[in-house]
Amino acid sequence: MKTRFGSAILGTLVLALMAGTAMAQDKTLKINSFGGAYEQAHRKCVITPFEKETGATVQVVTAYSADAFAQLRAQKAAPQFDVVHFSGGQEIVGAKEGLLAPIDPGKLTNIADIYDFAKSGIARGEGPAYSIAAIGMIYDSKAMSEAPRSWKDLLDPKTSAHLVLADISNGYGMLGFLMLNKVEGGDLANIQPGLDAVKKLLDGGATVVSTSPEIQQEFAQNGAWLAPYASDYAFTLAKAGLPAKFVQGAEGTPASYITVNLVANRPNQELALKFIDMSLSKSAQECFANELRYTPTNAKAVLSPEVAAGVAYGAEGVKGLLRFDAATIEANRAAWVEKWNKTIAH
Amino acid sequence: MTDRTENLLLALPGLLLLAVAFFVPIARMLALSVSGPDGVTLDHFARFLSDPFYLGVLWRTVRLAAVITLICALIGFPFAYIMARVGPRLRLWMVIAVILPLMTSVVIRTFGWMVLLGRSGLVPRILRDLGLADRGFGLMQTETAIVIGMVQVLLPFMTLSILGVISRLDRRLEEAARTMGCSFAATIRTVVLPLAMPGIVAGSLLVFTLSASSFVTPNLLGGTRIQVLAASIYKSVTQTLDWPFAAAQAVILFAGVLLVLIPYAKMTARRDG
């Protein structure tokens, strides 16, 4: 009896909430963004222009990919986001679980300009990538007379004592490690070659850090020259006045795709699709590249030489981009983290 | 209503708060540490105790805590003795000097050490200039860095515990020892030290338990490579999301600290009695 009463109240509440959203549905859009400098750029490049153009209001909830995904899962029966942004491959799992809706390319005016690899999953529900953080090598252009060219250059014993590795609990750190593993002959089924390489580098004096700001500290104060990390962070270092430059490794560039996804079972999908379309536009992507040095996925984006040098740019530049299977990474994460911890603790 | 029930009634809110805020979390931690996919299991403990990596982490935690306690006692005892024996005005300044660091957050003090101990920081640079270290020498991400940082953080607890005891000692005992022909060192060793023991024990207990369970300073100064138990628990909670294993590690830390606490507590009880 008690539970029935409770559920009746809950039902009424849900109805009331739904009525509330139904009334506001036409003109508000609820999305997530990643906070800080990212959110500022996001507002400048996409959100404000979108509000101006459509007269709609965008409610931004600051939530990283994993948190936003957890919320989406919890709200499966009554989702509260219209559009979610992911950077860790969550859209692949989300699409499989039916949390995200497939996108009809006919509804997006800019989709034709997007590189094929960035939109391959939209029919399955995986949103298109509107920006890409490319993982390559950040190096100190003053300390290193010769720029590194290949991922194998990280293994040069001459630079080991000045090398910074990011912990694999860090998303970019994971991608950098998997690439190192790949060039050493491993794959997602076998990460031992990568771990062996890391062990050798640590024996040579390399350091491990767990957060991005520590990389800056290592470069600024502790004599670091070289780090496998993301293009956007190389820009952060350069902005802080360090002689840091970004270069893509010859064997390929692991990429962290930042995707914009349509949430399933929401009433105002038309507006949401317009927002997604806006994120894919040439101007929005040029803006992201200028502000944060993310690689555009729009083939028509035009960047100044200075900006272009800091990202993977143009058809040539994005050819080397590769993506490790996010589902496999997710499935193995706990085991890999433990192996990694044991390797670096020796 | 008898006095007894009245007292109990008065104490009830406090007891309830204690139960909710202290016993419930510990009970939940204990329950989590033995929970497996099919009911109660000791697998998490077995995994910890059979893996040389985790045993190494435990051993490092205990070893570092012991070294830190020892160093704190070695510095803290003479310091507290001097504090107790100087004039009241100078003592005030010394007490302020001991307490002042406690006014700053541990995190901020640790960041200070990170700047001082880094490769181009003050300490390695001086050592290099003196020819005591080579070019690539840095103190960051070493156990030495953890010990230095932790001693600075925990020294006040040791000093103040010992000061409390020494300042209550009767000075005439020392004077008597000296008139009987005892040297200064012998007076300290045979008179002051034994009488100050309860303070040293209490301080050591505080420092040991705090350093065994500390997280921020070892993590920042030791880096990700040098793990202590608290950092390992943190990694299990946030990175591998293995909460039962994290709970098992927390129980092991808890039990380890208790193991040290009991004989210490017995020792002081006997001395006081």
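Residues numbered from 1 in each chain as written. Chains lettered and ligands numbered in written order. Predicted model: local features only at pLDDT ≥ 70, side-chain atom pairs only at ≥ 80, totals over all residues. Heavy atoms only, no water.

Looking at an unreviewed UniProt entry, one finds chain B named Spermidine/putrescine transport system permease protein and attributed to Labrys monachus. Quoted straight from UniProt, the Subcellular location (unreviewed entry) entry for chain B says "Cell membrane". Database annotation for chain B, UniProt heading Sequence similarities (unreviewed entry): "Belongs to the binding-protein-dependent transport system permease family. CysTW subfamily." (UniProt positions renumbered as here; feature names shortened; annotations may be inferred.)

The name an unreviewed UniProt entry assigns to chain A is Spermidine/putrescine transport system substrate-binding protein, from the organism Labrys monachus.

Enquirer: Would you mind showing me how to read the overall build of chain A here?
Expert: When helices and strands are counted, chain A shows 13 helices and eleven strands. Within chain A, the proportion of its 346 residues that are buried is 54%. Put simply, of all contacts in chain A between residues at least 6 apart along the chain, 74% involve residues at least 24 apart. Accessible area for chain A stands at about 14800 Å²; split by element, carbon and sulfur atoms hold 56% of it. Looking at chain A, you have 32 positive and 34 negative side-chain charges, and the mean spots of the two groups are 4 Å apart. (Helix = DSSP H or I, 4+ residues; strand = E, 2+ residues; numbered from the N terminus. Buried < 20%, exposed > 50% of the residue type's maximum accessible area, 1.4 Å probe, protein only. Contact = heavy atoms within 4.5 Å. Areas by Shrake-Rupley, 256 points an atom, 1.4 Å probe, with all protein chains shown as cover. Lys, Arg positive; Asp, Glu negative; His and termini not counted. Charge placed at Lys NZ, Arg CZ, Asp CG, Glu CD.)

Enquirer: Can you help me understand the domain arrangement of chain A in this one?
Expert: Residues and elements named next belong to chain A. When its domains are assigned, chain A resolves into domain 1 (2–132 + 255–320) and domain 2 (135–254 + 325–345). One C-alpha centre belongs to domain 1, the other to domain 2; they are set 29 Å apart. Here domain 1 meets domain 2 over a buried area of about 1100 Å², counting both sides, of which 54% is carbon and sulfur. Area buried by domain 1 at its contact with domain 2 is led by A255, R293 and G320, which between them contribute 35% of it. Where domain 1 packs against domain 2, one counts zero salt bridges. In this structure, the connection of domain 1 to domain 2 is made through five residue pairs in polar contact (both at pLDDT 80 or more). Among the secondary structure elements, those contributing two or more residues to the side of domain 1 that touches domain 2 are α4 (90–96), β9 (253–262) and α10 (282–292). (Domains from an automatic or database assignment. Buried area = accessible area lost by both parts, 1.4 Å probe. Salt bridge = Lys/Arg side-chain N within 4 Å of Asp/Glu carboxyl O. Polar contact = N/O pair within 3.5 Å; in protein donor to acceptor, adjacent residues only side chain to side chain.)

Enquirer: What is the right way to look at the nonpolar core in this model?
Expert: It is characteristic of soluble globular proteins that their nonpolar side chains tend to be buried jointly. Within the largest apolar cluster, 96 residues are counted, with the highest numbers of intra-cluster contacts made by I138(A), I276(A) and F288(A). In terms of residue count, the dominant contributor to this core is strand β4 (residues 129–140) of chain A (nine residues). With near-sequence residues (within four places) excluded, I276(A) lies in contact with V83(A), I103(A), L108(A), P128(A), V260(A), N261(A) and L262(A). Grouped together as the second largest cluster of nonpolar side chains are 31 residues, C72(B), V147(B), L169(B) and I200(B) included. (Core = buried A, V, L, I, M, F, W, Y, C linked by side-chain atoms within 4.5 Å.)

Enquirer: It is not clear to me how empty space enclosed by the protein should be interpreted in this structure. Could you clarify?
Expert: In this structure the tally under the stated criterion is three cavities of 30 Å³ or more. Considered as a void within the structure, the largest cavity measures approximately 70 Å³ in volume. Looking at the largest cavity, the residues that line it are L165(A), A166(A), G173(A), G176(A), F177(A), L180(A), V198(A), P228(A) and W340(A). Looking at the lining of the largest cavity element by element, the count peaks at four residues for helix α5 (residues 171–183) of chain A. Within the lining of the largest cavity, the residues separate by chemical class into seven nonpolar, two polar and no charged. Roughly 50 Å³ of volume is contained in the second largest cavity. Surrounding the second largest cavity, T61(B), L64(B), A65(B), I68(B), I146(B), M150(B), S211(B), S214(B), P218(B) and V228(B) form its lining. Of all the secondary-structure elements, those providing two or more residues to the lining of the second largest cavity are α3 (52–85) and α7 (143–166) of chain B. Counting residues per element, the lining of the second largest cavity draws most heavily on α3(B), at four residues. (1 Å grid on protein atoms, 1.4 Å probe; cavity = no way out; pocket = protein on both sides within 12 Å on 5 of 7 lines; lining within 4 Å. Points joined across faces, edges and corners; volume = space filled by probe spheres on them. Nonpolar A, V, L, I, M, F, W, Y, C, P; charged D, E, K, R; others polar.)

Enquirer: Could you clarify how one ought to interpret the UniProt feature "transmembrane region" (unreviewed entry) in chain B in this entry?
Expert: UniProt's entry tags residues 57–80, 92–116, 145–166, 187–210 and 243–265 of chain B with the feature "transmembrane region" (unreviewed entry), counted in the numbering of this structure. Its end C-alpha atoms 31 Å apart, residues 145–166 of chain B is made of 100% helix and 0% strand.

Enquirer: Before we go on, may I ask you to explain the side chain of T159(B) in this structure?
Expert: Residues and elements named next belong to chain B. Among the structural elements, T159 can be located in helix α7. At 2.8 Å, the side chain of T159 and the backbone oxygen of L155 are in polar contact. T159 has contacts with G76, F79, A80, M83 and V98, leaving out every residue within four places of it along the chain.

Enquirer: How do you make sense of the layout of surface pockets when you look at a structure like this?
Expert: Take a probe with the size of a water molecule and roll it over the atoms, and the empty space left behind shows itself. By volume, the second largest pocket amounts to about 390 Å³. What lines the second largest pocket is a set of 18 residues, among which A206(A), T207(A), M140(B), Q141(B) and R225(B) lie closest to the centre. Split by residue class, the lining of the second largest pocket holds seven nonpolar, eight polar and three charged.

Enquirer: Which parts of the structure should I look at to understand the interface of chain A and chain B?
Expert: It is common to report an interface's size as the accessible area lost on association of the parts. Every contact between the two is made by 24 residues of chain A and, on the other side, 16 residues of chain B. Summing the contributions of chain A and of chain B, the shared interface buries around 1700 Å²; its carbon and sulfur component is 44%. For the pair chain A and chain B, the interface holds two salt bridges. The salt bridge partner of D51(B) is K342(A), with a shortest N-O separation of 2.6 Å. Applying the counting criterion to the chain A and chain B interface returns ten residue pairs in polar contact (both at pLDDT 80 or more). Contributing elements (two or more residues each) for the side of chain A that touches chain B: β6 (207–209), α7 (212–221) and α13 (326–344) of chain A. It is α13(A) that contributes the most residues to the side of chain A that touches chain B, seven residues altogether.

Enquirer: Any chance you could explain helix α8 (residues 231–239) of chain A here in plain terms?
Expert: Residues three or four positions apart in an α-helix share a direction because the helix packs 3.6 residues into each turn. Residue and element names in this part refer to chain A. All buried positions along α8 are accounted for by S231, D232, Y233, A234, F235 and L237. Each element contacted by the buried residues of α8 is listed here: β4, α5, α7, β7 (226–230), β8 (244–247) and α10. Directly beyond the C-terminal end of α8, a positive phi value near 90 degrees is found at G241.

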